[in-house]
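Residue-level structure breakdown
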Amino acid sequence: MRTMKLENLSPNTILLIKEIFKNQCLLKLIQYNTTFPLNETNIRNFGSMFMDKIIPAPFTGFVPQEQKTILYVSFPDGQLNNNCEILNTQVYFQIVTHKNLWLIQGKNKEKLLRPLEIITEIYRTFNNRSIKTLGRLQFTHYSFVPIDKDFNMYILKAQMMTN
C-alpha cells in the first residue's frame, strides 16, 4: 500500500483524467450514445467532455435529464496520519449510464454492455502502469448500484500501490 500527500489529491485526480483522455475507446464509449460507439470517429476535442461526461468528483446522486453516460473519478474518502499523508488511498471510477445506452455492438458486431466495456477500458488504461506521483493502481472491487428507473451505476475501485 502507498500513502499519498494531501496536497497531491487535486493533481493526482487531474493525472487520472489526463490518462483517460489518452484512451480513444474509453472516450468513445462515454461520448457517443450510438449502438456502435467504437466505430465512431476519434474524439479530438476531449476537453469538452471534462466536467460534462468526465467529472473529477464523486457521484452526488443527481441524474441528468438526457440519456448519457458519465464517468466520475475521485478519491472519495481517506484516513490521514500525523504527516498529512492519506493512508490506504482508494480511487473510485463511478460509471453512470442510462438504461437505453447499455447495449452496444463491438467492432465485430458482437453484443456488449457499455458500462462493463468502460470498466474494461479503465482497467486497460491503468493496470500495471506507474504514473508520476500517482503510483500504480491495483483494482480491488467493482459493484452495481441502481440509481432510479432510468439510470444505473457501476463502481470500480482501485488501491494506490507503491511503484
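Higher on the page you've got the structure.
Residue indices begin from 1 for each chain and proceed along its sequence in written order. Note on the predicted model: pLDDT of at least 70 is required for a residue's local features to be given, and 80 or more for side-chain atom pairs to be given and counted; whole-chain, interface and lining totals, by contrast, use all residues. In computing side-chain values, all of the structure's heavy atoms are included and hydrogens and water are not.

**Observations concerning unusual backbone geometry**
Even without being a glycine, asparagine 88 presents a positive backbone phi close to 50°. Tracing the chain through its elements places asparagine 88 in the loop between strand E5 (85-87) and strand E6 (90-98). Classification of residues uses two cut-offs on accessible area relative to the type maximum, computed with a 1.4 Å probe and protein chains only: under 20% is buried, over 50% is exposed, and between them is partly exposed. Owing to a relative accessible area of 40%, asparagine 88 belongs among the partly exposed residues under this scheme. Look at lysine 109: it is not a glycine, yet its phi comes out positive at around 65°. Mapped onto the elements of the fold, lysine 109 is located in the loop between strand E7 (103-105) and strand E8 (111-113). Take lysine 109: its relative accessible area is 61%, and that puts it in the exposed class. Secondary structure elements are taken from DSSP: a helix is a run of H or I of four residues or more, a strand is a run of E of two residues or more, and numbering for both begins at the N terminus.

**Notes on the environment of cysteine 25**
With respect to the helices and strands, the residue cysteine 25 is situated in helix H2 (residues 24-31). Judged by relative accessible area, cysteine 25 falls into the partly exposed class, the value being 26%. Spatially, the C-alpha atom of cysteine 25 lies 24 Å from that of proline 11, the residues being 14 residues apart in sequence. We call two residues in contact whenever any of their non-hydrogen atoms come within 4.5 Å of each other. Residues in contact with cysteine 25, not counting those within four places in the same chain, are Leu38 and Glu121.

**A look at the packing of aromatic side chains**
Under the pairing criterion, centres of Phe, Tyr and Trp rings, with the six-membered ring standing for Trp, must be within 6.5 Å; the plane angle then separates stacked pairs below 30 degrees from edge-to-face pairs above 60, leaving the rest tilted. Here the structure, examined in full by the defined rule, presents 9 aromatic pairs. Residues phenylalanine 93 and phenylalanine 126 carry aromatic rings whose centres are separated by 5.6 Å and whose planes lie at 35° to one another, so their mutual orientation is tilted. A residue pair is termed long-range when its members are at least 10 positions apart, and phenylalanine 93 in strand E6 and phenylalanine 126 in helix H3 (residues 114-126) qualify at 33 residues. Across this residue pair, the class does not change: phenylalanine 93 and phenylalanine 126 are buried. When the centroid spacing of 6.2 Å and the interplanar angle of 80° are considered together, the rings of tryptophan 102 and phenylalanine 144 count as edge-to-face. With tryptophan 102 in the loop between E6 and E7 and phenylalanine 144 in strand E10 (residues 135-146), this pair connects stretches of sequence that are 42 residues apart. Look at tryptophan 102 and you get buried, because its relative accessible area is 15%. Every member of this aromatic cluster is reached through a ring pair, and the members are Phe93, Tyr123, Phe126 and Phe139.

**Digging into the pairing of E6**
Across the 9 residues that make up E6, a large majority, 8, are buried. Sheet analysis places strand E3 (residues 69-74) next to E6, joined by 6 bridges and oriented antiparallel. Bridged to tyrosine 72 within E6 is glutamine 94. Bridge analysis of E6 against strand E11 (residues 151-161) gives 9 bridges, and the strand direction is antiparallel. What sits directly across from valine 96, in E11, is methionine 153. When DSSP finds two or more bridges between two strands, those strands count as paired.

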